[in-house]
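Single-letter residue listing:
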Amino acid sequence: MSIEYTGINKQTAEGEVKNFLESCPDGAIFKMVINSKRGYLRIKIKNPGKGRIKKLIGKLRRKKPAP
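Rules and cut-offs
- All residue numbers refer to position in the chain's written sequence, counted from 1.
- In keeping with the predicted nature of the model, local features appear solely for residues at pLDDT of at least 70, side-chain atom pairs appear and are counted solely at 80 or more, and the whole-chain, interface and lining totals rest on all residues.
- As a rule here, side-chain values come from all non-hydrogen atoms in the structure, and water together with hydrogens is ignored.
- Secondary structure is summarised from DSSP: a helix means a run of H or I of at least four residues, a strand means a run of E of at least two, and numbering begins at the N terminus for each.
- Here's how the labels work: a residue is buried when its accessible area is under 20% of the maximum for its type, exposed when over 50%, partly exposed in between, all with a 1.4 Å probe on protein chains only.
- All accessibility values rest on the Shrake-Rupley procedure with a 1.4 Å probe; residue burial counts only the protein chains present in the view.
- Distance thresholds for patches are 9 Å for like charges and 5 Å for nonpolar side chains (Val, Leu, Ile, Met, Phe, Trp, Tyr), applied to residues having over 30% relative accessible area and no salt bridge.
- Should a side-chain nitrogen of Lys or Arg be within 4 Å of a carboxyl oxygen of Asp or Glu, the pair is scored as a salt bridge.
- Counting rule applied: Lys, Arg positive; Asp, Glu negative; His and chain ends not counted.
- Taken as the charge centre is NZ of Lys, CZ of Arg, CG of Asp or CD of Glu, depending on the residue.
- Following DSSP output, two strands are said to pair if at least two bridges run between them.

A. Geometry of the overall build of the chain. Broken down by element type, the chain carries two helices and two strands. Across the chain, helices and strands are ordered from the amino to the carboxyl terminus as α-β-β-α. For the chain, the proportion of its 67 residues judged to be buried stands at 1%. Of the roughly 6800 Å² of accessible surface on the chain, 54% is carried by carbon and sulfur atoms.

Structure (structure tokens):
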């Protein structure tokens, strides 16, 4: 989901980021990118339990042939 705001003040930006963080579950991991040259801030929620290695191990465990 993406929401874009153009021409907002500092208080509006603070309020929107605060609301976003409060709506996330406790223990959530975030990826934040700040690009000051282009003027944007990007925050994404990363799911720590779904790493590439864990997904691969889970797939291999499911595909074991029955004895």
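From this point, the discussion proceeds with the structure in view.
B. Broad picture of a positive patch on the surface. Taken together, the side chains of Lys31, Arg42, Lys44 and Lys46 make up a positively charged region of the molecular surface. The dominant element in the positive patch, judged by the number of residues it contributes, is strand β2 (residues 40-46), at three residues. When you line up the elements, Lys46 lands in strand β2.

C. Seen up close, the pairing of strand β1 (residues 29-35). For β1 and β2, the ladder comprises seven bridges, and the chain directions are antiparallel. Across the sheet, residue Asn35 finds its bridge partner in β2, namely Tyr40.

D. Spatial organisation of a nonpolar patch on the surface. On the surface, Leu21, Phe30 and Ile45 cluster together into a nonpolar patch covering about 250 Å² of accessible area. Assignment of secondary structure puts Leu21 in helix α1 (residues 10-23). Owing to a relative accessible area of 42%, Leu21 belongs among the partly exposed residues under this scheme.

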